[in-house]
Amino acid sequence: MNNSRKQYSINQSQRGSALIITLFFAIVISAIVGIYIKLATGDLKLADRAFMYNALIHLAEEGAEEATWALLNDNVDWTGWTEAVTGSKAKIITGLDLGNGKAGTVYVVVEDFSGSNPTIYAEAQVQLPSGKIVSKQIMIELSGRSLFADGMIARDTLTLGGSVSVDSYDSSLGAYNAITNRNANVTIGSISTSPNKVVINGANIWGYIGTGESTPTITNSTVKGPETPAEVTVDPNRISSSLSAQFEDPVAPDTTGYTIDLPGGNSISGTDVVNIGTASGPLEEYFLTADLRVGASATLRVNGPVVIVMDTNKSIDVIGTAKIEIIGDGSLTFYTDGDISIGGVGIFNDTTVPSNIIIYGTETIAGGQTISLASSASLQAVIYTPNANISFSGTPDSFGAIVANTISMSGSSTFHYDEALANFYSGSKPDAYEMNNWLELSDIADKVNLTSYFP
Amino acid sequence: MITLVLTVMIISGLTSSYMFMIKSSVSVGNYADMNSQSRIGLEKFGRDVRMASQVYTMSSTQLDIDVSTTTIPKRVIFQYDSDSKQFLQIEGATSIPILKYVESFTMSYYKHNGTTATIPAEVKKIQVEAKMVRKSLEREDTNYAISAQYMIRIK
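An account of the accompanying structure is given in this report. Treat the numbers as computed from the prediction; the structure is a model and nothing was measured. (Residues numbered from 1 in each chain as written. Chains lettered and ligands numbered in written order. Predicted model: local features only at pLDDT ≥ 70, side-chain atom pairs only at ≥ 80, totals over all residues. Heavy atoms only, no water.)

### A look at the overall build of chain B
Of the regular secondary structure elements, chain B holds 1 helix and 9 strands. Each helix and strand of chain B, placed in order from N terminus to C terminus, yields the pattern α-β-β-β-β-β-β-β-β-β. In terms of overall dimensions, chain B is more spread out than a globule: its C-alpha atoms have a radius of gyration of 22 Å, far above the 15 Å expected for 155 residues. Across its three principal axes, chain B shows a C-alpha extent of roughly 80 × 35 × 25 Å. Within the span of chain B, comprising 155 residues, buried residues form 40% of the whole. Taking contacts inside chain B between residues at least 6 apart in sequence as the whole, the part at least 24 apart equals 46%. (Helix = DSSP H or I, 4+ residues; strand = E, 2+ residues; numbered from the N terminus. Rg over C-alpha atoms; globule rule 2.2 N^0.38 Å. Buried < 20%, exposed > 50% of the residue type's maximum accessible area, 1.4 Å probe, protein only. Contact = heavy atoms within 4.5 Å.)

Here is the structure:
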């Protein structure tokens, strides 16, 4: 009985000690666990916020992308935009899923949307579980960009051989002059990211070469500028592998109301001279239902502003010693998906301003249209034919700018890019835009209050 | 005597357990601190890189970029100082450490297509790798930070 009491007494004492030790451990562990939980919670919040900030940048850029699309497709894609502030378009994009039940909202504003230098504000917001709203705001300043800001750009392959010469000049300062009006501000190249798309052999480039990704193949050639040291033949600072552009297919205008075919028909021969366009007169518009053929010693003379739209797959040929001649204040714009062959004297631009002759290739299949300039034909024109294959052979002398699917120059042909085309738009608004600034407005003082655009 | 031995053993055990827990707590604190520091530092770095319009010079430990706006000229140099073990954001005469306790540091440069850029004109994306080490209570806590490839938007 006594033994039993003694045993009981010892157990009670041990239990007391164990309790104290357990309590001690429990307190320490609780404190540590508490610290861990606090740190982990803080870390989780920070990670979540960092993730959100990163996601919000992308959301804001998505808003800016939508604004850019609307700018490029003016009068088509402003659907859903409001104009509470005159001259500024605004749009709210909601319900952008960010996972974990969070949805982002983007407020987009385009200031000066009808001008040449619009500014885009895009603010992306998301509400955190704590109820706090976090946001990112970006500002993108754009300026209008011509489709012909570079010079001679192929979507696919650019091949120069023989003794081709390339340089630039500024037609706003007068005609090309090898001494007084000659620069090295032309870029030739290909936007293709595939290898071997730019092959230069035996050419002299007084300008830049660009590729979409790969290194151009340059042999027996010079690529230089005024700053290039005399002993350097191919200046590496004038070669870029990040040439990037988007060339939309041009679309011919609606020809309702156009004059059908040229006076006397579309085939001009002998020594005939056919005059179209009126000096200082209104725009004359022609829709040609048959091939345009200027042969022998004939002349198609353009005296005033003229637009010619060719019917499907109708070609343009200038052969013999014939010519298409632009004089006075004449200008000529072609829309065609057919082939173009220019020989003879070529398209003679008496105005010496290349933008007075524009050729739009409306073919939609890459390589589905060919344009050839041969013999000693001259061409002072702007050629925008993103699906055409263009070839120069013989000794043609060309001025202006070219966008095509493939471009091939051989013989001793020359190309002089007109720098004035860098500011040339086909319509009243820019054909494209480039970013001058991309700014993240992170400080409260810098952020722009967009509420007035969203009443 | 037995009680004394048991007491010493228990106290020793408790003390070592306590010290272990304290060290663990400090380590966790260090990791959390370095983690938050690297997130905030890289966010600042990424913000300037995204806005850059030109890369003047580049190396594995230094980047000199132009982040001017239309109205305000601004040139920023990011530089790793191995003496102070800091990654610095330098603007004019102002130098701000955006990462501390940096043992090793590398910046990598890429073209727009992801291949390595070798000259400033080619740089389109920039990636940062940093190894941060904090010492406390005779322990070394190491945190590796590898950023995403920050893309220069307008270059």
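Having put the structure on the table, let's press on.
### Re a nonpolar patch on the surface
A grouping of Met1(B), Ile2(B), Leu4(B), Val5(B), Leu6(B), Val8(B), Met9(B) and Ile10(B) is seen on the molecular surface, where their side chains present a nonpolar patch of about 850 Å² in accessible area. Among the secondary structure elements, Met1(B) is positioned in the segment before helix H1 (2–51). (Patch = residues over 30% accessible without salt bridge, like charges linked within 9 Å, V, L, I, M, F, W, Y side chains within 5 Å. Areas by Shrake-Rupley, 256 points an atom, 1.4 Å probe, with all protein chains shown as cover. Salt bridge = Lys/Arg side-chain N within 4 Å of Asp/Glu carboxyl O.)

### Focus: the pairing of strand S29 (residues 378–392) of chain A
Residues and elements named next belong to chain A. Burial within S29 is extensive, with 13 of its 15 residues counted as buried. Strand direction decides the pairing type here: strand S26 (residues 346–349) and S29, joined by 2 bridges, are parallel. The partner of Gly 346 across the bridge, within S29, is Ser 378. Direction of pairing for strand S27 (residues 357–361) relative to S29: parallel, over a ladder of 3 bridges. By the bridge assignment, Ile 358 is partnered in S29 with Val 382. The sheet contact formed by strand S28 (residues 369–373) and S29 spans 5 bridges and is parallel. For Ile 371, the partnering residue across the bridge sits in S29 and is Ile 390. (Pairing = 2+ DSSP bridges.)

### Some words on the packing of aromatic side chains
A complete count under the given rule lists 17 aromatic pairs over all chains for this structure. Measuring from ring centre to ring centre gives 5.8 Å for Phe45(B) and Tyr150(B), while their planes differ by 70°; the resulting arrangement is edge-to-face. On the criterion of sequence distance, the pair formed by Phe45(B) in helix H1 and Tyr150(B) in strand S9 (residues 150–151) is long-range, its members being 105 residues apart. With relative accessibility at 0%, the residue Phe45(B) sits in the buried group. Look at Tyr150(B) and you get buried, because its relative accessible area is 14%. A network of ring pairs unites the aromatic residues Phe148(A), Phe247(A), Tyr335(A), Tyr360(A), Tyr384(A) and Phe424(A) as a single cluster. A cation over an aromatic ring shows up here: Lys323(A) above the ring of Phe348(A), its NZ or CZ 5.8 Å from the ring centre. If you follow Arg153(B) out to its NZ or CZ, it ends over the ring of Trp438(A), 5.0 Å from the centre. (Phe/Tyr/Trp six-rings, centres within 6.5 Å; stacked < 30°, edge-to-face > 60°. Lys NZ or Arg CZ within 6 Å of the ring centre and 35° of its normal.)

### Observations concerning the sheet that holds strand S5 (residues 94–99) of chain B
Hydrogen bonds along the backbone pair up the strands of a sheet, which may run parallel or antiparallel. Residues and elements named next belong to chain B. The strand order across the open sheet built from 5 strands is S1-S2-S3-S4-S5, with neighbouring strands paired in antiparallel fashion. Each edge of the sheet is formed by a strand with only one pairing partner; in this case those strands are strand S1 (54–58) and S5. Each strand axis lies, on average, 20° off the axis of its neighbour in the sheet, ignoring direction. In the sheet, strand S3 (residues 75–81) pairs with strand S4 (residues 86–91) via 5 bridges, with the strands oriented antiparallel. Residue Tyr 80 lies in a different strand from S4, and its bridge partner there is Phe 87. (Axes fitted to C-alpha atoms, helices over the stretch in contact; angles between N-to-C directions.)

### Some details on the nonpolar core
Met152(A), Leu160(A), Ile188(A), Leu292(A), Ile308(A) and Ile324(A) are the most contacted members of the largest nonpolar core, which totals 73 residues. Looking at this core, the element that brings in the most residues is S29(A), giving 8 residues. Those residues in contact with Ile324(A), other than ones at most four positions away along the chain, are Leu292(A), Val294(A), Leu300(A), Val318(A), Leu332(A), Phe334(A), Gly346(A), Ile347(A) and Phe348(A). Ranked by size, the runner-up nonpolar core spans 69 residues in total, among them Leu56(A), Met139(A), Leu142(A) and Val123(B). (Core = buried A, V, L, I, M, F, W, Y, C linked by side-chain atoms within 4.5 Å.)

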